[in-house]
Each structure stands twice: as C-alpha cells, then as structure tokens.
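For reference, the chains in residue letters:
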Amino acid sequence: MKPVLIHPCYFGPIDQYTFIAQTDDFAIEKQDNYQKQTYRTRQYIYGANGKLLLNVPIKHRENKTEKHQKYKDIRIENAFKWQRLHWKSLEAAYRTSPFFEFYEDEFVDLYEKKATFLMDFNLKCMQVVFECLNLDFDFKFTEEYELTTENYDNQRELVNSKRKQKAELENYIQVFQSKYDYIPNLSILDLLFNKGPSAIDYLQSQKLIR
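Keep in mind it's a predicted model, so treat the numbers as computed, not measured.

Undergrad: Got a sec to walk through unusual backbone geometry? Specific residues and values, please.
TA: Residue Gln-37 is not a glycine yet carries a positive backbone phi of 55°. Inspection of the secondary structure assignment puts Gln-37 in the loop between β2 (26-28) and β3 (42-47). Even without glycine at this site, Asp-181 takes up a positive phi of about 70°. Tracing the backbone shows Asp-181 in the loop between α5 (177-180) and α6 (188-195).

Undergrad: Explain the nonpolar core to me, using residue names and the numbers behind them.
TA: In terms of nonpolar packing, the biggest core is built from 64 residues, with Tyr-10, Phe-11, Tyr-17, Phe-107, Met-126, Leu-192 and Leu-203 touching the most fellow members. Looking at this core, the element that brings in the most residues is helix α4 (residues 118-133), giving 11 residues. Sequence-distant contacts of Leu-203, that is, excluding residues within four places in its chain, are made with Ile-14, Tyr-17, Thr-18, Ala-21, Gln-22, Leu-133, Ile-188 and Leu-191.

Undergrad: Tell me about the environment of Leu-189, and name the residues and values.
TA: When you line up the elements, Leu-189 lands in helix α6. C-alpha separation for the pair Leu-189 and Asn-55, spaced 134 residues apart in sequence, amounts to 15 Å. Ignoring any residue separated from it by four or fewer positions in sequence, one finds Leu-189 in contact with Phe-11, Gln-43, Leu-90 and Phe-107.

Undergrad: Tell me about the pairing of strand β4 (residues 50-55), and name the residues and values.
TA: Examined bridge by bridge, β3 and β4 share six bridges and lie antiparallel to one another. In the sheet register, Arg-42 faces β4, and the bridge partner there is Asn-55. Linkage of β3 to β4, two consecutive antiparallel strands, is achieved through a turn of two residues.

Undergrad: An account of the sheet that holds strand β5 (residues 140-141) is needed here, citing residue identities and associated values.
TA: Pairing in this open sheet of four strands is parallel, and the strands run β5-β2-β1-β6 from one edge to the other. On the outer flanks of this sheet lie β5 and β6 (153-154), each paired with one strand and no other. Here two bridges tie β2 to β5, and the two strands are oriented parallel to one another. Paired with Ala-27 across the bridge in β5 is Lys-140. Each of β1 (4-6), β2 and β5 is contacted by α4, which is oriented at about 160° to β2, the strand it contacts most.

Each value, and the rule that gives it
Residues numbered from 1 in each chain as written. Predicted model: local features only at pLDDT ≥ 70, side-chain atom pairs only at ≥ 80, totals over all residues. Heavy atoms only, no water. Helix = DSSP H or I, 4+ residues; strand = E, 2+ residues; numbered from the N terminus. Core = buried A, V, L, I, M, F, W, Y, C linked by side-chain atoms within 4.5 Å. Buried < 20%, exposed > 50% of the residue type's maximum accessible area, 1.4 Å probe, protein only. Contact = heavy atoms within 4.5 Å. Pairing = 2+ DSSP bridges. Axes fitted to C-alpha atoms, helices over the stretch in contact; angles between N-to-C directions.

As structure tokens, this is what we get:
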C-alpha cells in the first residue's frame, strides 16, 4: 500500500482523518504553494447557532511582486487575539459534549502559546490529534513538489474546503443536533469531543471514496 499524501490542516475534517486512520503510512506535502480558503487555515465546528467557521489569520506577504508563497513560509497574524477567540468558541460549542473535559488539557496549550508559522502550528495540531487517537505520528515530508506522483496515494485534494466529501461517514450524536440536525464532516475535534476514545474505531470503519 502506498503512503497517503496529505496537506497538514488546521484540525482537518473527519474524512481526511478517515484516510489517515486506514493507512499504515502517510506523507506530508511540504513543497506546495499556499492557497487561500482551504483547510490550511480553517476548520468548521458545531456551534450553538449551527455550523461555525474558525479561521486562522495570516500575514500578507511583504513583497507584492511575488505571485506565490510556499505554505511552509506563511506566517500567522497575531495582531489580535485569535487564539483566545477560537478557544472560547470551542469551549462554548463543546463544553457540554461527553469528552471535552477528557481532552481539554491536550489542546489548551495550542491556544495559549503564540504561533508563528502556519504549517508548524498545523503540525502541532495534528500531533495532538494523533495522540488522542492513539496513532503514531510517524511520517515523512516530500522533498519536491510533483503535480502527479506514482510514489504516493495522492489525497492532497482533501485540503480543499469546497470539494465533495471523500468518505461515507455514519452519523453520530452531536451536541446541538436537536436544534439544527446532523452536520457531516466537521473538524476532527467534533468527532473527538463527541465520541472520545471510540473515535478511532469510527474512523477505521468508514468507507473511503477514491
């Protein structure tokens, strides 16, 4: 089986982690150009008023003549306290979920320590999720960007927030489901806070769409 090739996301969607949970090996794209409006900077959670977007602000490039920037070089804009806002939003959304308090200490540091580079921050987010899922955070980086590749199971499109869902995901109980019905394929945090340690079994049992 080829390693699954992905982009690191800001607590990526559930279908991305379904691919990760069902492989023995994965790789991270490190040589790509940054693109706006993707899961690199955004996650969707289930808030008290329905689907809620949490977006990481980034610094605009100083050299306006540059058409592209590498994802790994993108810096986070810390001019305002976005981390505090995101954490408060997560608390409001999931404080009453079955497993928020169970995992709270694992995630709170990510929102208390200043983050500088977007990719580095997203990798830290991934590492914490892997620990919660009891998965080994063992991977390799790509050394050059290839539009098509024969060496990997190319799932880089999972970073696109406008794409179709890439797994047949079973419904599970969500905190505000009685108010706004079930919302599929939210941030992996929605699954963790609602299903806890059984989240890994859920991910490994879902049907992938290739």
